[in-house]
Amino acid sequence: MTEEKQIFIVEDNEKNLELFKAVLGTIPNINISTSITGKEGLQYLKTNYLDIIILDIQLPDMNGIDICKELRKLDKYKKTPILAVTSFAMKGDKERILEAGFNDYIPKPLQIKEFRESVIKYLE
Ligand SMILES: [Mg+2]
C-alpha cells in the first residue's frame, strides 16, 4: 500500500491556485490542501505536518519568503521540500529566495510540465 503524500499550497490568486490543483491533481497518491492567505497558511502548517510545501512569494498579508523562514525554524520542517512560485524576475531574486531556505524556484507564468516534474522529483 502506498502512503498518501500531503501537499500544501499557499497562493492568493484563485486562478493560479485552480491551475496548481489541476496540474498536481494528476499525480497519484497525493492529497492537496491550500490557503489563500500567508498567515492562515503558516498557522495550518504549524499545526499539521505536510510532506511538500508550495509558496507564492507575493501574498497580501505575509510574503512567502517570511513564511519559509518561519517554517525552517521548526524541527519538523528542516528538511521538507519547500518550493517558491513567483513572477519575480529581477537579478538577485532567485538568490534571495534560495537563501530564505527554499529548495527550488518555479517561475510564473507556469510551465505546466516542468512544474509537475519538479513536484514529483521532490516527492520522491
Ligand atoms: Mg500572489
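None of the values given here were measured: they were computed from a predicted structure.

Draft legend 1. Here's a closer look at the nonpolar core. Judged by nonpolar contacts, the single largest core of 21 residues is most densely connected at Ile53, Leu55, Leu71 and Phe102. Listed by contribution, the elements that provide at least two residues to this core are strand 1 (5-10), helix 2 (38-47), strand 3 (52-56), helix 3 (64-72) and strand 4 (82-86). Apart from residues no more than four positions distant in its own chain, Leu71 is found in contact with Leu42, Leu45, Ile53, Tyr77 and Ile82. Residues Leu24, Ile30, Ile52 and Val85 belong to the second largest nonpolar core, which totals 18 residues.

Draft legend 2. Just the coordination of the magnesium ion, in detail. The magnesium ion binds to the protein through Asp12 (OD), Asp56 (OD) and Gln58 (O); the donor distances cover 2.0 to 2.1 Å. Along the chain, the residues that donate to the magnesium ion are spaced as D-x43-D-x1-Q. Taken together, the residues span a long stretch of sequence, with Asp12 in the loop between strand 1 and helix 1 (14-24) and Gln58 in the loop between strand 3 and helix 3 at a distance of 46 residues. Given the relative accessible area of 40%, Gln58 is considered partly exposed.

Draft legend 3. View of the sheet that holds strand 3. In spatial order, the strands read 2-1-3-4-5; together these five strands make up an open sheet with parallel pairing. Strand pairing shows two members of the sheet lacking a second neighbour, strand 2 (30-35) and strand 5 (104-107), which therefore form its edges. Averaged over neighbouring strand pairs, the angle between their axes works out to 20° when direction is ignored. Where strand 1 meets strand 2, six bridges bridge the pair, whose relative direction is parallel. Across the sheet, residue Lys5 finds its bridge partner in strand 2, namely Ile30. Against the sheet, helix 2 contacts strand 1, strand 2 and strand 3, and its axis sits at roughly 160° relative to strand 1.

Draft legend 4. Examining helix 2 more closely. Of the residues making up helix 2, those classed as buried are Gly38, Gly41, Leu42 and Leu45. Relative to the axis of helix 2, the buried residues are bounded by an arc of 100° and lie together on one face. Facing away from the buried side of helix 2 by over 90 degrees, the exposed positions are Lys39, Glu40 and Thr47. Contact partners of the buried residues in helix 2: strand 1, strand 2, strand 3 and helix 3. Capping of helix 2 at its N-terminal end is provided by Thr37; its side-chain oxygen lies 3.3 Å from the backbone amide nitrogen of Glu40.

The rules behind the values
- Each chain carries its own residue numbering, running from 1 in the direction its sequence is written.
- For this predicted model, a pLDDT threshold of at least 70 governs which residues receive local features, and a threshold of 80 or more governs which side-chain atom pairs are given and counted, while totals over whole chains, interfaces and linings are taken from all residues.
- Here the side-chain values reflect all heavy atoms present in the structure, with hydrogen atoms and water set aside.
- We call a set of buried residues a nonpolar core when its members are Ala, Val, Leu, Ile, Met, Phe, Trp, Tyr or Cys and they connect through side-chain atoms within 4.5 Å of each other.
- Here the term buried applies to any residue with accessible area under 20% of the maximum for its type, exposed to any over 50%, and partly exposed to those in between, with areas from a 1.4 Å probe on protein chains only.
- Strands are runs of DSSP state E lasting at least two residues, helices are runs of H or I lasting at least four, and both sets are numbered from the N terminus onward.
- Any pair of residues with heavy atoms lying within 4.5 Å of one another is described as a contacting pair.
- Listed donors are limited to N, O and S atoms within 2.8 Å of the metal, widened to 3.2 Å for Na, K and Ca; water is not among them, so incomplete-looking sites are possible.
- Two strands qualify as a pair provided DSSP detects at least 2 bridges between them.
- Between N-to-C directions, angles cover 0 to 180 degrees, with each direction set by a line fitted to C-alpha atoms, over the stretch in contact for helices.
- Within this analysis, the arc is defined by the directions that extend from the helix axis to the C-beta atoms.
- We call two N or O atoms a polar contact when they sit within 3.5 Å, provided that within protein one can donate a hydrogen and the other can accept it, with sequence-adjacent residues counted only if both atoms are side-chain atoms.

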